[in-house]
Amino acid sequence: MENIAAALEEKRATLEAELERMSAPPEETSGISFGKRVGDGTSVAVERVVQVEAHDLLRALLADVRRALAKIADDSYGVCDGCGTAISPERMQYLPWAILCIECASRRQKA
């Protein structure tokens, strides 16, 4: 369990660093304007929308990693937060931060 906790702590630190980097103000501010033509301004806007989506996904992943660490601490690691059944060992090996069984996770995706 110590190896899993160490791997989760490393994942947590990596995610926090990436979120901090993404949240930092842009280094360059440019005079790009948004007019009727597709150009640099549109590209910047699309890139920003993609970054916001990636930021949200990383925040959700970080929440799961933190929850998995809490579950290790309270001895409930490997038990689904949704239905209380055991999460399959294969799923736990592939996603050590899994806090839901496959069925509950698929319901969460649909919501």
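Source: prediction; values computed, not measured.

A.B. asks: Sorry if this is basic, but what is going on with the overall build of the protein here?
C.D. replies: For the protein, the count of helices and strands is 4 helices and 0 strands. Each helix and strand of the protein, placed in order from N terminus to C terminus, yields the pattern α-α-α-α. Scored against the burial criterion, the 111 residues of the protein give a buried share of 28%. In the protein, the share of contacts with a sequence separation of at least 24, taken over all contacts with a separation of at least 6, comes to 52%. Just so you have it, the protein exposes about 8,300 Å², and 55% of that area is on carbon and sulfur atoms.

A.B. asks: Help me understand the pattern of salt bridges in this model?
C.D. replies: Should their charged atoms come close, side chains of opposite charge can pair. Inspection of the entire model under this criterion finds 8 salt bridges. Linking Glu16 and Arg66 is a salt bridge whose minimum nitrogen-to-oxygen distance equals 2.5 Å. Of the two residues, Glu16 sits in helix 1 (residues 2-23) while Arg66 sits in helix 2 (residues 40-73), which places them 50 residues apart along the sequence. Assessed through its relative accessible area of 27%, Glu16 is described here as partly exposed. A single salt-bridge network, built from bridges that share partners, covers Glu9, Arg12, Glu16 and Arg66.

A.B. asks: Just to check I follow, could you spell out the confidence of the model for the protein for this structure?
C.D. replies: Should pLDDT be low for a region, the predicted coordinates there are not to be read in detail. Model confidence for the protein is summarised by a mean pLDDT of 86, while 78% of its residues fall at 70 or above. Element-level pLDDT for the protein is lowest in helix 2, with a mean of 83, against a maximum mean of 95 in helix 3 (residues 89-94).

A.B. asks: Would you take a moment to explain helix 1 for this structure?
C.D. replies: Here helix 1 is 22 residues long and its end C-alpha atoms lie 31 Å apart, about the 32 Å a rise of 1.5 Å per residue gives. Looking at helix 1, one finds that the buried residues are Ala5, Leu8, Leu15, Leu19 and Met22. Summarising the axial view, the buried residues of helix 1 lie within an arc of 115 degrees, below the 170-degree limit, and thus occupy one face. Residues of helix 1 that are exposed and angled more than 90 degrees away from the buried face: Glu2, Asn3, Glu10, Glu20 and Arg21.

What counts, and at which threshold
- Residues numbered from 1 in each chain as written.
- Predicted model: local features only at pLDDT ≥ 70, side-chain atom pairs only at ≥ 80, totals over all residues.
- Heavy atoms only, no water.
- Helix = DSSP H or I, 4+ residues; strand = E, 2+ residues; numbered from the N terminus.
- Buried < 20%, exposed > 50% of the residue type's maximum accessible area, 1.4 Å probe, protein only.
- Contact = heavy atoms within 4.5 Å.
- Areas by Shrake-Rupley, 256 points an atom, 1.4 Å probe, with all protein chains shown as cover.
- Salt bridge = Lys/Arg side-chain N within 4 Å of Asp/Glu carboxyl O.
- pLDDT = per-residue confidence, 0-100.
- Expected span 1.5 Å × (residues − 1).
- Arc of directions from axis to C-beta.

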